[in-house]
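Reading the structure
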Amino acid sequence: MEQFPQLPPQQFLPRHIGIIMDGNGRWAKQRGLPRSVGHKAGAETFRKIATFCRDIGIPYLTAYAFSTENWKRPQEEVDAIMDLLREYLDDTAKHQGEDVRTCFIGDREPLAADLREKIRRVEEESAHNRTITVNIALNYGGRDELVHAARRLAREAAAGRLDPESIDEKMVSNALYTAGQPDPDVIIRPSGEKRLSNFLTWQSAYAEFVFLDVLWPDFDQNHLCSALWEYARRDRRFGGI
Ligand code: IPE
Ligand code: IPE
Ligand code: MG
């Protein structure tokens, strides 16, 4: 039995953790390695952290893997990230017994057909798993998500199936990729950057933010625990007193 670091009591743990997996490139650079090696190390960290979240009873985890802005990177780097995702998806079959439901959030349209098919299969095969839902944000942008939601609601209204005056926050939430899931309670960003970079724009309205100086490939269970302690100590008021 693996020894876990000391966690805050269960009632102070978040229901939904968001992680911006940042710092892979700098991690590789520090070692004189190509950036793709940093992404590979980052993918391994992700698998470990997702398993740890499941083991400690976190029901939802959303990890930012590739943003709508990340297409600006050199083609070689984009290709390396997409190949790692293919590997991750192929590998997921081996983890079937772990009761992880894997979902993808983001715009799939521009992805390669084989990658879309792998995503579809993993989502379908893991749909009945319940212990944890792991969302992988791929070609995800919070603004892009809202644009798609607006288009969807506008289409319904134009077809006469929706009264524009009846649109409320719940309806907007339900038009997002995360429909039906709770908002993130805490968003953790390693790497030292202190920004959201278009992650969960709508959903993070009342999230707590924890920024850590570690680079993502070096992020381990102890870093997660220290972020969870920091979260547990926060006083969340949601506009009340
Ligand atoms: C995060 O690491 C992974 C992706 C954005 C795909 P980075 O590649 O952004 O690493 P840094 O920020 O350059 O160190
Ligand atoms: C955010 O990291 C996106 C992911 C981690 C996938 P970036 O490295 O792309 O963010 P910026 O460019 O530093 O804001
Ligand atoms: Mg970065």
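Read on for an overview of the structure. Each residue is numbered by its place in its chain's sequence as written, counting from 1. In the order they appear in the text, chains get letters beginning with A and ligands get numbers beginning with 1. In view of the model being predicted, local features appear only for residues whose pLDDT reaches at least 70, and side-chain atom pairs are presented and counted only at 80 or more, with totals across whole chains, interfaces and linings using the full set of residues. To obtain the side-chain values, all non-hydrogen atoms of the structure were used and water was disregarded.

Here we come to the nonpolar core. We call a set of buried residues a nonpolar core when its members are Ala, Val, Leu, Ile, Met, Phe, Trp, Tyr or Cys and they connect through side-chain atoms within 4.5 Å of each other. Remark: exposure states derive from per-residue accessible area (1.4 Å probe, protein chains only) relative to the maximum for the residue type, with buried under 20%, exposed over 50%, and partly exposed in between. Ranked by internal contacts, the top residues of the largest apolar core, which has 43 residues, are Ile17, Phe46, Leu61 and Ile188. Put simply, DSSP marks the helices as runs of H or I at least four residues long and the strands as runs of E at least two long, and each gets a number from the N terminus on. Of the residues forming this core, the biggest block, six residues, is contributed by helix H3 (residues 75-92). Each residue touching isoleucine 188, except ones within four places of it in the same chain, is listed here: Ile17, Gly18, Ile19, Ile20, Val210, Leu212, Phe219, Leu224 and Ala227. Ranked by size, the runner-up nonpolar core spans nine residues in total, among them Ile20, Ile105, Ala137 and Leu200. The criterion used for residue contact is that any of the two residues' heavy atoms lie within 4.5 Å.

Our focus in this paragraph is the pattern of salt bridges. The salt bridge definition used is simple: a Lys or Arg side-chain nitrogen within 4 Å of an Asp or Glu carboxyl oxygen. The full count for this structure, using the stated rule, is 23 salt bridges. In this structure, the salt-bridge partner of arginine 86 is aspartate 114, at a minimum N-O distance of 2.6 Å. A residue pair is termed long-range when its members are at least 10 positions apart, and arginine 86 in helix H3 and aspartate 114 in helix H4 (residues 113-126) qualify at 28 residues. Note that arginine 237 and aspartate 235 form a salt bridge whose closest N and O atoms lie 2.8 Å from each other. Judged by its relative accessible area of 47%, arginine 237 falls in the partly exposed class. Of the residues examined, aspartate 235 reaches a relative accessible area of 55% and is grouped as exposed.

A few words on the packing of helix H2 (residues 35-55) against H3. Packed helices, taken two at a time, are described by the angle between their axes plus the distance between the axes. Where H2 contacts H3, the two axes come as close as 10 Å, and the packing angle between them is 30 degrees. Between H2 and H3, the angle is such that the two are roughly parallel. For H2 against H3, the interelement crossing comes out right-handed. Contacts between H2 and H3 involve Arg35, Ser36, His39, Lys40, Phe46 and Arg47 from the former and Glu77, Ala80, Ile81, Leu84, Glu87, Tyr88, Asp91 and Thr92 from the latter. Residue polarity follows a fixed list, in which Ala, Val, Leu, Ile, Met, Phe, Trp, Tyr, Cys and Pro are nonpolar, Asp, Glu, Lys and Arg are charged, and the others, Gly among them, are polar. Classifying every residue of the contact of H2 with H3 gives five nonpolar, three polar and six charged. Here, axes are lines fitted to C-alpha atoms. For helices the fit covers the stretch in contact, and angles between N-to-C directions go from 0 to 180 degrees. Throughout, the term roughly parallel applies to angles under 35 degrees, roughly antiparallel to angles over 145, roughly perpendicular to angles from 65 to 115, and oblique to all others. Two helices cross in a left-handed way if the nearer one is turned anticlockwise from the farther one by less than a right angle. They cross in a right-handed way if the turn is clockwise.

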